[in-house]
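Breakdown of the fold
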Number of protein chains: 2
Amino acid sequence: MANKKYVYQFKDSHGLGKELLGGKGAGLAEMTYVGIPIPPGFTVSTEACNLYYNSGKKLPKHVVDEILHAVEVLEKDTGKTFGGKKNPLLLSVRSGARVSMPGMMDTILNLGLNDDTAKTMVEETNNPRFVADCYRRFILMYTNVVKGKSREVMDKMLDELKKAKGAKLDTDLTAEDLNKLVEDYKAYYLKVVGEPFPHDPKVQLLEAVTAVFRSWDNERANIYRKMHHIPYEWGTAVNVQTMVFGNKGETSGTGVAFTRSPATGDNHVFAEYLPNAQGEDVVAGTRTPLHIDWLEENMPAVYKQFAETIDKMEHYYKDMQDIEFTVEDGVLYFLQTRSGKRTAQAALKIACDLLDEGTINEEEALLLIDPSSLTTLLLSSFDDSELKKVTPIAEGLPASPGAATGKLVFDADEAAKRHAAGETVILVRQETSPEDLAGMVAAEGILTMRGGMTSHAAVVARGMGKCCIVGANAIQVDEKAHTMKVGNKTYSTNDVISINGSTGLVYEGEIKKVEPQMTGNFGRVMKLADKHRRLGIRTNADAPAEAKQAKAFGAEGIGLCRTEHMFFDADRIFHVRKMILSDNVKDREDSLNAILPHQENDFYELFLAMDGLPVTVRLLDPPLHEFLPQEEHLIVDLAKALKTDVKDLKARINALHEFNPMMGHRGVRLTITYPEICRMQTSAIINAALRAQKKLGKSIDAEIMVPLIFGAEELRFVKAVIKETADKLIKESGQKLEYHVGTMMEIPRACLLADEVAKEAAFFSFGTNDLTQMSFGFSRDDATKFLPDYYETRILQQDPFATIDQKGVGQLVRKAVKDGKAANKKLLVGICGEHGGDPRSIEFFDAAGLDYVSCSPFRVPVARLAAAHAAIKHKK
Amino acid sequence: MANKKYVYQFKDSHGLGKELLGGKGAGLAEMTYVGIPIPPGFTVSTEACNLYYNSGKKLPKHVVDEILHAVEVLEKDTGKTFGGKKNPLLLSVRSGARVSMPGMMDTILNLGLNDDTAKTMVEETNNPRFVADCYRRFILMYTNVVKGKSREVMDKMLDELKKAKGAKLDTDLTAEDLNKLVEDYKAYYLKVVGEPFPHDPKVQLLEAVTAVFRSWDNERANIYRKMHHIPYEWGTAVNVQTMVFGNKGETSGTGVAFTRSPATGDNHVFAEYLPNAQGEDVVAGTRTPLHIDWLEENMPAVYKQFAETIDKMEHYYKDMQDIEFTVEDGVLYFLQTRSGKRTAQAALKIACDLLDEGTINEEEALLLIDPSSLTTLLLSSFDDSELKKVTPIAEGLPASPGAATGKLVFDADEAAKRHAAGETVILVRQETSPEDLAGMVAAEGILTMRGGMTSHAAVVARGMGKCCIVGANAIQVDEKAHTMKVGNKTYSTNDVISINGSTGLVYEGEIKKVEPQMTGNFGRVMKLADKHRRLGIRTNADAPAEAKQAKAFGAEGIGLCRTEHMFFDADRIFHVRKMILSDNVKDREDSLNAILPHQENDFYELFLAMDGLPVTVRLLDPPLHEFLPQEEHLIVDLAKALKTDVKDLKARINALHEFNPMMGHRGVRLTITYPEICRMQTSAIINAALRAQKKLGKSIDAEIMVPLIFGAEELRFVKAVIKETADKLIKESGQKLEYHVGTMMEIPRACLLADEVAKEAAFFSFGTNDLTQMSFGFSRDDATKFLPDYYETRILQQDPFATIDQKGVGQLVRKAVKDGKAANKKLLVGICGEHGGDPRSIEFFDAAGLDYVSCSPFRVPVARLAAAHAAIKHKK
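Residues numbered from 1 in each chain as written. Chains lettered and ligands numbered in written order. Predicted model: local features only at pLDDT ≥ 70, side-chain atom pairs only at ≥ 80, totals over all residues. Heavy atoms only, no water.

1. Digging into the pattern of salt bridges
Selection criterion: The term salt bridge refers to a pairing of a side-chain nitrogen on Lys or Arg with a carboxyl oxygen on Asp or Glu at a separation within 4 Å.
All told, the structure shown has 133 salt bridges over all chains when counted by the stated rule. Residues participating in the shared-partner salt-bridge network are Asp 133, Arg 136, Arg 137, Lys 162 and Asp 170 of chain A.

Dropping the structure here:
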């Protein structure tokens, strides 16, 4: 262990990789290697970070020794001395994780300064103002970053000094002014820290390195990591680099540059420059930077070198770069380069342009675009400048992106009525249930008080591409009173709110929207993605409109048509309820016969919408009690309609109560008990397919999917029921018709016995929502109560309902695909759970050997690109 | 395929095994081989049965050919001719599955008779009455068994004939009478079947064989199989055997014999004999058989041969035999021998006696006793003769065996009160919840309207060894009115019922009981079992009385102490509720501190009761809302006690509502959210262990078990909480104390990642109840609604909550044991689910490499013997 290396000089570490050096460290090593002017320095590795945490948040002595040795090397290379009486070496200390986490962790500049070195530097530079400026900056950052003390007080001290001196800008202050500030800062440090500001540069350095490691675990870093799926275990590296000074006077300065526009992707340099300043001044926005033209006019040679180098860097890295640079006494240094963040629109243009310029190939172009970003191109959104003016009143989970404004409505029926009357409404519920569907369709957006990212409201809204926020706990919804309360303020049905489904924020009143812009590059990139992906892309759609939308977005079939939503339509729910409450097969069949023509028409329209592409219809899945009314007045109405006693009806509804409905009488279990429901649905599917074949003049591939099986026996039973019904209808029709019977794989046991199941199945479709629930043993609805504690204790770093748990649930998926395909060579394998639209999950499904993913219509473009990414990565 | 053999002569098939020949066929082959006088015959194999079912319930031609060929061999061997004009060959056709299924399937005797062969036989035997008797029997059995027509009508025809002729017994009828009956039967056959009675003996034979195969799938066979865990796939064989005739006159007869008493096990032959009769007369009870002494007195030579042969047979088979024999004209034939059914008491005595006699060794002795039968030795039961006089009013599931009589009580509190007042009560509830615990303790027996074999009532009652019936659907319980209704009759709190937990039957009024008898053989067999088993045996016990009981039954430790029951005691439930309803850590800790001394005392008493044996305490498991009152008046009381508003309290209770409580905020998830609960329980366990160590002067091994983890991370978190608390207390005490932290394995994902979990765990204990629920995706409470449909459609052949599903759930268990032990050599692995007391599951757990099983106290003797069985079988 003692021989293991934890510290690497930039000049020696080219090719060691981001995992060890962090992104910034690896970049600095590479730039050094390529010959770009970089101030020398070294990287304390990510392994040292993990060692720090595993050693009780202490730097072990051998790491300390290595760091101090690395400083000695730096002294030799620069001819400067750390804390020395001559030519003092000053350092910057910056964090650098494997992937860029801008603004999440901490930076310290000008480290190495103390009264002695400051004095030496004044002598050597003859620029006391510059030295004082460095010194005061250093004390400020050290106090704030290393000691965790508020910088507000210190900023205020600066402001007051400026006011007292009548200085408008920092640069208007004199050396004396700044030296006074240094002394004030030191006094403040003594007061709040309880000891004098450290004189020894080695102490300063080790404390600074420790502070950066510590910042890996600060709150904003943890939130950022969770949001961007960055594992805690990666740790951060620390980069220690020789300071160069942009604040040495008018021939010095600092700047940032994007090699192309991060907003539009346009191919022109987007850069800003600030003379006589250090980097933080640009970032902090204390002074307004100048256009890069200033540099070209005033220091043309430097500008030329700058322009040539950044062009070289873009070619070298094959991507638009975000660059920091400093000019010290007319000499140009680069401090950092990285791939620049960009809008989705810019990403598309940059990728296409770089491809056309011949800088990158198709695969590289595709990898430059973040699949998740594409959804922003499909949705309307609030005007950013308007958003800045308003304060949200509450925050929930961003369940389905988009922007919506409307009047409040607390009841689904009322939502439908007011929508029909031309009002724009936001449906607000404690939580939604399938009974609310019509209201959800009618509403502009949906807001719930309870529920998680995979709650009913969230799933359905995403399917519709409708803006939705769930689990907004701060909102007290009173559905009976038709009001909601936030803090002390009560909102009722005539109040207007705006909800941002992309951020989860809720606002009072109306906010101006901007309409989505779609450029030609979007279609071009999608075609490129199709060329490179292996996975098929289908959609989860229940209604013809959804299906058409998804087809327009490039879906190659329907992977999941949920039939239960159809049962709620006004023209059939009564028959559904009558059927459920029957106590004999004959009555049930009568009710089912009344539903059959409606159900058949549902499927007919869907087959037409998909125009011959495969359509997978799932047999009825939810427990029957979900179709029954729970509210008193609805029960009374139903009793009247059924000509039965209210008390009796209540007893029958009560008898259907389940302790754990998720694990109750649902899915295939309904067919085992009531094969007549399966017969009705099969008849509807087959008749619809036969009619659609005639109408389209194309053959239809109907896939009938059995939900919730735990083994082969159930599938065998249901297949026999389906086959008997279907074959008879096909024979009677005189047409030929292909149909296939397959199954959801959503119960652990079915995955464990996939070899047996595959012998009965034409296809598998993983229901990763239920599979995740049963593998983890928690229900998604109930888990919202304790998952925050799991994230906080870092037991879970990700929401397993958003991104598939590869380690656990993934084992079942991999095993089922492998065993299933081995047992049945023709087996088609897909996934229709929520994970089907998640890029990281798609990468896993590609690796696991699935044939297709199915996702909500608005995720189809995301899935197409993500599938291409997966194929390209797995080819490597 | 055509070359495969499906038919085997007895004389050629010794050693081919029960799997192929069925138990009876294998026995006949073996008896033939040993030289016991057996009428020759052949077996149509179990494979032929499966072939029959796989060929659309038809006998393929090649099997038909084989059967007819076998008959030819028989003709040669006996010198008789099938359907022949001389010396006609008559046959018996009997079913014979791999294990004996007495009375479940069908038998046909005297096959081969028709008008011609009957005439020949009359000429040859000069015994027209005998032939007519055979013929009428044959037509009756054929019409009933092969054609499925009621035998009632035909029995009535016989009775009427006897009445008309003034005959008391069948044997009083003359040849003419019987020939008249033959003609009447043939006419009846023509009428109900629609064709004449078949003349061709070959047709008779093939139809009879088919009928036996068909009977494998009849309702009573299906029920029997489910009850005795016999797979449907085994199929039955058919034995076709030359008839010998006990009904040829007074020197003929038929009998049954047990080589020892099946009731007590006493070593004397228990046999009955009926002169001039065929076997069915004994079984049917139409005539009362004579004591075997009759044979000794009247046919001493035959008796001597009989006595010697059955002794030889017992020695040969090394077990008490159940034998059928026939004497034809003074010649003795044996028709069947098999191990005899016996009571548990007899089983113990027979095994010990055979061991002492030197007939069998210890392992063989142990295997002679059915582990499950032992429970009957530990419980009181109703007097069998009394039971025969009464009719049950309802039937439920036999959740926990035993017999109980008492007055009805519908409320737990009332049960406790009336019990305290000296009344004997039966607690009747729609279903029970943890709040009913005190009432369950007080009641003599428990009866619920809902729930399955693993419902709360069932599990708790079995733990207590208390008689319990659950899911008695026919009983309408009105808890508010304090009545129950069965059909039109209403019972109230002063009515007495009796419940039989061994059969699930409910009776009105009191029934006399017999007290359990325990003989010395019981203890002896238990010691033998201990000598031969590999698995350790622990018990699931929460209270000192249970623990002592289990220890007396031989438990070697506590494998599961559920702590939640303790939270319901009167002296702490208020604090528990206060704790749950607190909204801050400080208040929760205050309430927990009030509970701590009680909880500590619980564990202290338990440690003392176990006297140094290991005790595994599971941390709090159920969701917190289970501890809160749901009924209005209790909520009002609680609000008063908490000095809070009723409405507010209801809202807080409501906020704890869960959609799927089984998959909600429970188990380890409670510790993640409220580490203070874990700290309290750890303190209680460690303090109790320290005190108990002092008191006993022995070291205590406390095992702390974390429930419901889905991976290693949760266990790591909780272990840290436990360790911090425990180590501090141990250090303060100045004592040494061993404690271990382990985990329940009850969530699929934890099993899939057992290697990681094992690195954090000192032990695994499989919670196969939850593991079964989550692997199958159904909750045990809700599954009671649809599992009957699963049994009926034969999708499930067994209740997976009673016997572990080896194929699915078993995969997870095997993987977890293998991966766990590979990752941690010291890992101790047990099981504490309901399956821990099930012999077939225990055999699986032994094979899977577990270290111990833990079961309810009254199952401990069962488990000890079952573990010995498992070890002996796996050694083979």
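Past the structure itself, the notes keep going.
2. So, the interface of chain A and chain B
By convention, interface size is frequently given as the accessible area that disappears when the constituent parts associate. Short version of the rule: Two residues form a contact once any of their heavy atoms are found within 4.5 Å. Two parts placed together each lose some accessible area under a 1.4 Å probe, and the buried area is that loss summed for both. Polar contact is defined as a pair of N or O atoms within 3.5 Å, subject to the rule that within protein one atom must be able to donate a hydrogen and the other to accept it, and that residues adjacent in sequence are counted only when both atoms are side-chain atoms. Numbering of helices and strands starts at the N terminus; helices are DSSP runs of H or I of at least 4 residues and strands are runs of E of at least 2. Classification used: nonpolar for Ala, Val, Leu, Ile, Met, Phe, Trp, Tyr, Cys and Pro, charged for Asp, Glu, Lys and Arg, polar for all others including Gly.
Of the residues lining the interface, 48 residues belong to chain A; the matching set on chain B comes to 48 residues. Regarding the contact of chain A and chain B, the summed buried area is about 4,600 Å², with carbon and sulfur atoms giving 59% of it. Its largest share of buried area at the contact with chain B, chain A owes to Phe 659, Met 663 and Ile 795 of chain A, together 15% of the area lost on that side. For Glu 756 of chain A, the salt bridge is made with Lys 807 of chain B, and the minimal N-O distance between the two is 2.9 Å. Across the contact surface, chain A and chain B share 30 residue pairs in polar contact (both at pLDDT 80 or more). Secondary-structure elements contributing two or more residues to the side of chain A that touches chain B are helix H25 (668-673), helix H27 (712-733), helix H28 (748-752), helix H30 (768-776), helix H31 (780-783), helix H32 (787-792) and helix H33 (809-823) of chain A. Looking at the side of chain A that touches chain B residue by residue, the class counts come to 22 nonpolar, twelve polar and 14 charged.

3. Points about the sheet that holds strand E10 (residues 331-339) of chain A
The strands making up a sheet associate through backbone hydrogen bonding, with each pair oriented either parallel or antiparallel. All names here are of chain A. Selection criterion: Note on pairing: DSSP must find at least two bridges between two strands before they are called paired. Helix axes are fitted to C-alpha atoms over the stretch in contact, other axes to C-alpha atoms as well, and angles between N-to-C directions run from 0 to 180 degrees.
Pairing is antiparallel across the open sheet formed by five strands, whose spatial order is E8-E7-E6-E9-E10. Each edge of the sheet is formed by a strand with only one pairing partner; in this case those strands are strand E8 (290-291) and E10. The pairing of strand E9 (residues 321-328) with E10 spans eight bridges and is antiparallel. Residue pairing across strands places Val 327 opposite Leu 332, the latter belonging to E10. Helix H12 (residues 300-317) rests against strand E6 (253-258), strand E7 (270-275), E9 and E10 of the sheet, and its axis sits at about 25° to E10.

4. Some thoughts on the pairing of strand E22 (residues 505-508) of chain B
Residues and elements named next belong to chain B. Pairing of strand E12 (residues 394-395) with E22 involves two bridges; the strand directions are antiparallel. Paired with Glu 395 across the strands is Leu 505, a residue of E22. In the sheet, strand E21 (residues 496-500) pairs with E22 via four bridges, with the strands oriented antiparallel. Bridge pairing in E22 links Asn 500 to Leu 505.

5. Things to note about the sheet that holds strand E2 (residues 41-44) of chain A
All names here are of chain A. The five strands are arranged E1-E2-E5-E3-E4 in an open sheet whose pairing can be described as antiparallel. At either margin of the open sheet sits one strand with a lone partner, and together these are strand E1 (7-9) and strand E4 (107-111). Taken pair by pair, the neighbouring strands of this sheet meet at an average axis angle of 20°, ignoring direction. When strand E3 (residues 91-97) meets strand E5 (residues 236-242), the two strands line up antiparallel, connected through seven bridges. The residue bridging Ala 97 from the neighbouring strand is Thr 236, located in E5. Against the sheet, helix H1 (residues 18-34) touches E1, E2, E3 and E5, its axis set at about 125° to E3.

6. Overview of the environment of Arg 572 of chain A
Residue and element names in this part refer to chain A. As for its position among the elements, Arg 572 is in the loop between strand E25 (558-562) and helix H21 (573-581). Put simply, Arg 572 and Val 585 are 13 residues apart on the chain and 18 Å apart in space, counted from C-alpha to C-alpha. With residues near it in sequence (within four places) discarded, Arg 572 still touches Met 566, Phe 567, Ile 595, His 598, Gln 599 and Asp 602.

7. Examining the relation of the copies chain A and chain B
Condition: Superposing the copies works by least squares over the C-alpha atoms of residues that have pLDDT at least 70 in both of them.
Once turned by 180° and shifted 0.3 Å along the axis, chain A lies on chain B with an RMSD of 0.3 Å. Within this description, the copies of the chain are treated as partners about a two-fold rotation axis. Identified as the residue of chain A closest to the rotation axis by C-alpha distance is Asn 660 of chain A, at 2.2 Å.

8. Considerations on the packing of aromatic side chains
Residues and elements named next belong to chain A. The line we're drawing: Aromatic pairs are defined between Phe, Tyr and Trp rings, using the six-membered ring for Trp, whenever the two ring centres lie within 6.5 Å; interplanar angles under 30 degrees are classed as stacked, those over 60 as edge-to-face, and all others as tilted. Summary of the burial criterion: residues with accessible area below 20% of their type's maximum are buried, those above 50% are exposed, and those between are partly exposed, where the area comes from a 1.4 Å probe applied to protein chains only.
Following the criterion strictly, the structure yields 60 aromatic pairs over all chains and no others. Judged by centre distance (5.2 Å) and plane angle (70°), the rings of Tyr 142 and Phe 197 are edge-to-face. With a gap of 55 residues between them, Tyr 142 in helix H5 (residues 128-146) and Phe 197 in the loop between helix H7 (175-193) and helix H8 (201-215) connect regions that are remote in the sequence. The class for Phe 197 is buried, based on a relative accessible area of 11%. Ring-pair connections join several aromatic residues into one group, and the members of that group are Tyr 273, Trp 294, Tyr 303, Phe 306, Phe 325 and Phe 334.

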